[in-house]
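Examining the three-dimensional arrangement
Given next are the chains, with one letter for each unit.
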Amino acid sequence: MKKFFVSIITLIVLSFPGIVTAETVRILSTNDMHSALEKMPQLAAIVDSIRAIDPTVLVLSAGDNRTGNPYNDRYEPVSYPMIQLMNLIGFDASALGNHEYDSKVEGLAKMTALSNFQYLAANIECPPETGIKVVPYQVFDVKGIKVGILGITQIGTLGIPDTHPDNVKGLSFQQPSDVIPKYKWLTDQCDVNVLLTHIGFENDVELASQFPYYDLIVSSHSHTQLEGGEIHNGVLITQNGYQLPRVTLTTLEVENGNVTSKKAENIYLDKFITRSEAATALLNYFESSPEMERVVGNVKSDITSYDAFGVMMCDAWVSECDCDIAIENYGGVRYDFFPAGPIKVKDIYNLDPFMNNAVVMNITGEELKDMLIACYKADRNRFPITSGCTAAVTYKDKSKSEIKSLNLFDTNGKKLDMKKKYRVMTNNYVASIAASPREDEGVRGTITTSDLIIQWLEKVKTVDYQGRTSFTEKW
Amino acid sequence: MTVIVNNYPIRIFQGAKVGDLVLRYAVRNKLGIKTINNLIAMDRWGHTLDNEAPLTDKQIVKIINS
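As the structure is a computational prediction, the values presented were derived from the model and not from experiment.

A count of helical and extended segments in chain B gives one helix and five strands. Listing each helix as α and each strand as β along chain B from the N terminus yields β-β-α-β-β-β. A globule of 66 residues ought to have a C-alpha radius of gyration of about 11 Å, and chain B, at 10 Å, matches this closely. Dimensions of chain B, computed from C-alpha atoms along their principal axes, come out at roughly 25 × 25 × 20 Å. Taken across its 66 residues, chain B has 44% of its residues classed as buried. Sequence separation of 24 or more characterises 42% of the internal contacts of chain B that already satisfy a separation of 6 or more. For chain B, the exposed area adds up to about 3,400 Å²; of that, 51% sits on carbon and sulfur atoms.

As structure tokens, then:
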């Protein structure tokens, strides 16, 4: 079977004219891998197969290699598993995605130091004291052909990458279209010119219209699923979804220093059943990480209901997000029993397994009330759990299918001021389904709600939530 | 921020992803949350967008029920 799949790769690679000649440049590219550790043995096998035919193939990532799997993102040093697997595969370069900044400057410095490949970003300035190893571009000699690759990192509406502003303190960024013209000289010196970007497909189409002297844009960030690649204004753009459903093999034919043809096609990972043994062994090692077994707190007495766990989760979020009130949908709590004793990292991921992020908003008591009712309706008529306020819910009848009245109280038992603004935190699921009108829709952060609970438990150490609830019901 | 879905504006929190928008769209259109697995989001070019794809203000998205 392995031979069969190697044959498929062989057919793909050999299906172009000029078989492994000095005029053929091949690039295998990934984007938005987001800690897809489990896919790396297949990716490694694909790369090995292509290298067996063309050892000069360049392997590129367009960024967001991390964030999406706690086995990678909670590792110390952070993202070490992903980096080691990328090192094993032999990546040649990576763009900096906005999630590469999620562990602050210190985390990024460690990541770049541990990587055997170079990070490319022309529109970032990193002072030397940050320790971040990043260069604007890299030139590869592929069988005598000069391949110049210019990196571009993502910039959002705040003028920084889409991450918490604290994560990029001390770094400065420039708009891609301001920076790229400064490297026109590089394109004059190279035979093949590539932009390795993390700015999203739509912005890459715009770059293609502004800078048609690039041959290829290896795109990322928008998780766009292309069928191979698309030509826009003469520039080939490739991008391939999220968490490695496929990788892109781009083949460029070069004659007398000019690219005469270019083509990109997808290789499906799930159809490629061969797995690299070395990458599998490395993956198994990382997946047996002791981090998941680490005790983060102690439960004083048995917790015996979803309500009690929900209140604990909301207390954690109020504390960690510095909020007045937190909301969790009833269906979002996945434990209704936990025995007294130690609670581990893996328990928190089972309690809150959705990899949701916090959404923080400033809303009035009236808007909060409407939001709770909207959440109840969308969450199959189950009233949400809160911290920082309690609720007295009266239903029209025993079926609980309609709320007749709802009264909210502050932590002192006084009625909540309906006109006052409160800083409210919830997860992105509740913020989405609770579609009641409110002036401030809030901001979704990058830390997961489960990681907020872990952070909080590490501080409070012992919790006692037996019998706790945040609302009363009658009809 | 505001995302244009099937030619209509939908307000949603900053930093929302496609999955958040699909949920909001389903609730607003009373489709029920269970139907979200049948909803497919696409960009203005017709490319499929996965639920983790980031959104930007004024972005144009098409959502269809498969």
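Moving on, we come to the confidence of the model for chain B. Looking at chain B, pLDDT values average 94 and 100% of them are 70 or higher. Among the prediction metrics, the complex's ipTM stands at 0.97, with pTM recorded as 0.89.

Residue and element names in this part refer to chain A. Considered domain by domain, chain A is made up of domain 1 (18-286) and domain 2 (293-474). Domain 1 and domain 2 are separated by 39 Å when their C-alpha centres are compared. On the domain 2 side, the residues contacting the nine residues of domain 1 number eight residues. Here domain 1 and domain 2 share an interface that buries about 490 Å² over both sides, 58% of which is from carbon and sulfur atoms. Summed over the shared surface of domain 1 and domain 2, the result is one salt bridge. The salt bridge involving Arg74 is made with Asp451; its shortest N-O contact spans 3.1 Å. Inspection of the region where domain 1 meets domain 2 yields one residue pair in polar contact (both at pLDDT 80 or more). In the side of domain 1 that touches domain 2, the residues fall into one nonpolar, five polar and three charged.

Residue and element names in this part refer to chain B. Locating Gly46 in the fold gives a position in the loop between β3 (39-42) and β4 (48-49). For Gly46, a relative accessible area of 40% puts it in the partly exposed group. Once the C-alpha coordinates of Gly46 and Val61 are considered, the two residues, 15 residues apart in sequence, prove to be 8.9 Å apart.

Bringing unusual backbone geometry into the picture now. All names here are of chain A. For the bond running from Glu76 to Pro77, omega is 0°, close enough to zero to count as cis. Structurally, Pro77 is set in the loop between α3 (70-73) and α4 (80-89). Despite not being glycine, Lys143 shows a phi value in the positive range, around 55°. Within the fold, Lys143 resides in the loop between β6 (137-142) and β7 (145-152).

A word on helix α1 (residues 18-28) of chain B. Residue and element names in this part refer to chain B. Taking burial as the measure, the eleven residues of α1 include nine buried ones, the bulk of the element. Listed as buried for α1 are Val18, Gly19, Asp20, Leu21, Val22, Leu23, Arg24, Tyr25 and Ala26. Taken from the residues just after α1, Lys30 is the one with a positive phi, measuring 50°.

Enumeration according to the criterion identifies 22 salt bridges over all chains in this entry. Two residues, Lys110 of chain A and Glu76 of chain A, come together in a salt bridge whose shortest N-O distance is 3.0 Å. Pair noted here: Lys110 of chain A is in helix α5 (residues 104-114) and Glu76 of chain A is in the loop between α3 and α4, with a separation of 34 residues, a long-range link. One salt bridge in this structure joins Arg44 of chain B and Glu202 of chain A, with 3.2 Å as the shortest N-O distance. Within this pair, whereas Arg44 of chain B is found in the loop between β3 and β4, its partner Glu202 of chain A is found in helix α8 (residues 201-210), the two belonging to separate chains. For Glu202 of chain A, a relative accessible area of 26% gives the class partly exposed.

Residues and elements named next belong to chain A. Within the fold, Glu402 resides in the loop between β20 (390-395) and β21 (403-409). Glu402 sits 26 residues away from Tyr376 along the chain, and the two C-alpha atoms are 9.4 Å apart. Each residue touching Glu402, except ones within four places of it in the same chain, is listed here: Tyr376, Tyr395 and Lys396.

The next point concerns the interface of chain B and chain A. Frequently, the measure chosen for interface size is the accessible area removed from exposure when the parts meet. At the junction of the two partners, chain B supplies 22 residues and chain A supplies 28 residues. Buried area between chain B and chain A, both sides added, is near 2,300 Å², and the carbon and sulfur share of it is 55%. Interface area lost by chain B to chain A is led by Phe13, Arg24 and His47 of chain B, which between them contribute 24%. For the interface between chain B and chain A, the tally reads three salt bridges. Across the contact surface, chain B and chain A share 15 residue pairs in polar contact (both at pLDDT 80 or more). No other element matches α1 of chain B, which puts five residues into the side of chain B that touches chain A. Partitioned by chemical class, the residues of the side of chain B that touches chain A number nine nonpolar, four polar and nine charged.

Once that is clear, we can look at the side chain of Asn240 of chain A. Residue and element names in this part refer to chain A. Counting through the fold element by element, Asn240 comes out in strand β12 (residues 235-240). From its side chain, Asn240 meets the backbone oxygen of Val247 in a polar contact 3.3 Å long. Look past the residues within four positions of Asn240 in its chain and what remains in contact with it is Asn31, Thr224, Gln225, Leu226, Pro245, Arg246, Val247, Thr248 and Asn266.

Conventions adopted
- Residues numbered from 1 in each chain as written.
- Chains lettered and ligands numbered in written order.
- Predicted model: local features only at pLDDT ≥ 70, side-chain atom pairs only at ≥ 80, totals over all residues.
- Heavy atoms only, no water.
- Helix = DSSP H or I, 4+ residues; strand = E, 2+ residues; numbered from the N terminus.
- Rg over C-alpha atoms; globule rule 2.2 N^0.38 Å.
- Buried < 20%, exposed > 50% of the residue type's maximum accessible area, 1.4 Å probe, protein only.
- Contact = heavy atoms within 4.5 Å.
- Areas by Shrake-Rupley, 256 points an atom, 1.4 Å probe, with all protein chains shown as cover.
- pLDDT = per-residue confidence, 0-100.
- Domains from an automatic or database assignment.
- Buried area = accessible area lost by both parts, 1.4 Å probe.
- Salt bridge = Lys/Arg side-chain N within 4 Å of Asp/Glu carboxyl O.
- Polar contact = N/O pair within 3.5 Å; in protein donor to acceptor, adjacent residues only side chain to side chain.
- Nonpolar A, V, L, I, M, F, W, Y, C, P; charged D, E, K, R; others polar.

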